Amino acid sequence: MRARLSDIAQQAEVSEATVSRVLNDRPGVAPETRQAVLTALDVLGYERPARLRKRSAGLVGLVVPELDNPIFPAFAQIIESALAPTGYTPVLCTQTPGGVREDEYVEMLLDRQVSGIVFVSGLHADTAADHDRYRTLLARPLPIVMINGYAPGIPAPFVSCDDRESAELAVAHLVALGHRRIGLITGPDRFVPVQRKVAGYKAAMRRLTDVADDDLTELTELSLFGVEGGEAAAGRLLERGVTGLVCGSDLMALGAIRAARQRGRSVPEDVSVVGYDDSPLMAFTDPPLTTVRQPVAAMAVAAVRALVDEINGHPSPNSEYLFRPELVVRGSTAVARPTPTPKRQRPTPTPSLPIPA
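Scope of this entry: the structure provided in the associated data block. (Residues numbered from 1 in each chain as written. Predicted model: local features only at pLDDT ≥ 70, side-chain atom pairs only at ≥ 80, totals over all residues. Heavy atoms only, no water.)

As for the overall build of the protein chain
In terms of helices and strands, the protein chain carries 12 helices and 12 strands. Against the globule reference of 21 Å for 357 residues, the protein chain gives a C-alpha radius of gyration of 28 Å, more extended than a compact globule. The principal-axis extent of the C-alpha atoms belonging to the protein chain is close to 130 × 50 × 35 Å. By residue count, 47% of the 357 residues in the protein chain fall in the buried class. Excluding contacts between residues fewer than 6 apart, the proportion of contacts in the protein chain whose partners are at least 24 apart in sequence is 70%. Positive and negative side-chain charges of the protein chain, numbering 38 and 42 respectively, have mean locations separated by a distance of 4 Å. (Helix = DSSP H or I, 4+ residues; strand = E, 2+ residues; numbered from the N terminus. Rg over C-alpha atoms; globule rule 2.2 N^0.38 Å. Buried < 20%, exposed > 50% of the residue type's maximum accessible area, 1.4 Å probe, protein only. Contact = heavy atoms within 4.5 Å. Lys, Arg positive; Asp, Glu negative; His and termini not counted. Charge placed at Lys NZ, Arg CZ, Asp CG, Glu CD.)

Observations regarding the layout of surface pockets
Space inside the largest pocket adds up to approximately 1,100 Å³. Counting only elements with at least two residues in the lining of the largest pocket, the list comes to α4 (71-83), α5 (102-111), α8 (192-208), α10 (227-239) and β9 (272-277). Broken down by element, the residue count for the lining of the largest pocket peaks at 3 residues, all from α8. When grouped by side-chain class, the residues that make up the lining of the largest pocket number 15 nonpolar, 11 polar and 12 charged. (1 Å grid on protein atoms, 1.4 Å probe; cavity = no way out; pocket = protein on both sides within 12 Å on 5 of 7 lines; lining within 4 Å. Points joined across faces, edges and corners; volume = space filled by probe spheres on them. Nonpolar A, V, L, I, M, F, W, Y, C, P; charged D, E, K, R; others polar.)

Considering empty space enclosed by the protein
Across all of its chains, the model carries 1 cavity of 30 Å³ or more by this definition. When its volume is computed, the largest cavity comes out at roughly 50 Å³. What lines the largest cavity is Ser 166, Ala 167, Ala 170, Leu 184, Lys 197, Val 246, Cys 247, Gly 275, Tyr 276 and Val 292. It is helix α7 (residues 163-176) that provides the largest number of residues to the lining of the largest cavity, a total of 3 residues. Taken together, the residues that form the lining of the largest cavity break down as 7 nonpolar, 2 polar and 1 charged.

Regarding the sheet that holds strand β11 (residues 320-323)
Strand order in the open sheet formed by 6 strands is β2-β1-β3-β4-β5-β11, and the pairing between neighbours is parallel. Lying at the two open borders of the sheet, with one neighbouring strand each, are β2 (88-94) and β11. Along the sheet, successive strands turn relative to each other by an average axial angle of 20°, direction set aside. (Pairing = 2+ DSSP bridges. Axes fitted to C-alpha atoms, helices over the stretch in contact; angles between N-to-C directions.)

Regarding the packing of α7 against α8
Where α7 meets α8, the closest approach of the two axes is 7 Å, and the angle between their N-to-C directions is 35°. For α7 against α8, the interelement crossing comes out right-handed. Here Asp 163, Arg 164, Ser 166, Ala 167, Glu 168, Val 171, Ala 172 and Val 175 of α7 come into contact with α8, specifically with Pro 193, Arg 196, Lys 197, Ala 199, Gly 200, Tyr 201, Ala 203, Ala 204, Met 205, Arg 207 and Leu 208. Residue composition of the contact of α7 with α8, grouped by class: 11 nonpolar, 2 polar and 6 charged. (Left-handed = near helix turned anticlockwise from the far one by under 90°.)

Considering the packing of aromatic side chains
Using the criterion set out here, one finds 3 aromatic pairs in the structure. Positioned over the ring face of Tyr 276 is Lys 197, at 3.8 Å from the centre of the ring. (Phe/Tyr/Trp six-rings, centres within 6.5 Å; stacked < 30°, edge-to-face > 60°. Lys NZ or Arg CZ within 6 Å of the ring centre and 35° of its normal.)

A word on the sheet that holds strand β10 (residues 290-293)
As summarised here, the arrangement of the 6 strands in space is β7-β6-β8-β9-β10-β12, forming an open sheet in which the pairing is mixed. Pairing within the sheet leaves two strands with one partner each, and these edge strands are β7 (220-222) and β12 (326-328). Across this sheet, the average inter-strand angle for adjacent strands is 20°, counted without regard to direction. Pairing between strand β6 (residues 182-186) and strand β8 (residues 244-247): 4 bridges, direction parallel. Directly across from Gly 183, in β8, lies its bridge partner Leu 245. Sitting on the sheet, helix α11 (residues 250-262) is in contact with β6, β8, β9 and β10, with an inclination near 160° to β9.

Points about the pattern of salt bridges
Counted under the stated rule, the structure contains 18 salt bridges. Here Arg 196 and Glu 320 are joined by a salt bridge, their closest N and O atoms 2.9 Å apart. A residue pair is termed long-range when its members are at least 10 positions apart, and Arg 196 in helix α8 and Glu 320 in strand β11 qualify at 124 residues. Classification of Arg 196 by relative accessible area gives partly exposed; the value is 23%. Three or more residues are tied together by salt bridges with common partners; here these are Asp 278, Arg 293, Glu 326 and Arg 330. (Salt bridge = Lys/Arg side-chain N within 4 Å of Asp/Glu carboxyl O.)

Dropping the structure here:
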């Protein structure tokens, strides 16, 4: 035991007596020193004494869509990390096509007596869904927080990335590179983030280019989220002569790159592609993807703080908190190739007629 105490003391840079006081949960140790000793225990692989283990303050439900899109595991990981210091333990509920629905997960979470629920890109983002389900939860009362999506009339905090600005950033970047024939690829229009991206795209195109409104409709392709949806939509837009593509997700952007290559186009030499999310590994694709980054860490932390405050009886104002996106320029965008101008042909000389003598 003495050797273990010395190891812990050396790791924490304190005396063995201090380590002994912390392990026996005795007073007289500063909070910072106590935390240093506990961290040293964790680093050295020692199990904390039962009296020092932090008891869970309760369970919090975390409902996310499928995990195929790396952005959703990123949200889940940061939310879990942000909950840890508060003592709450997340219960992750992942939706899959044809699997357990959101309402079924909610019933399961209620049976476990969760203290609150965080919804990430849930039915609150779907304008065709019945949002009374959330009003029912709030009436229990059960604190809830929504990420990415907004439903008016629900008295709860909403945390979103500014989707309209994200589309404007992408269009402005491509216009600055000389592109004018720019297409938009995103998901079904019943989702609030999609509606906002379309609005931002059209506003930026009207402001920065001379493309007519009728052409903007032709340059907008709504498809299924994912690589396959992006590939199908990009194929249609490439046939209409676009040189730049703004995509509603990184996975859709990867599908667009695939569609371009299948048609013998090079990215970014022939076609520039911009994604959205900046999900993990996008810096290592071929080419590295230019994308608009969601501030996932800031959004997740804000959502956790709002939920814990609600649980503790200090509710946040029931409104939507918009976080600014960031353009991350990598290798999938480049200066547009100049449109070749037709060569001027010299006029054919008129043959001279013989003059009669």
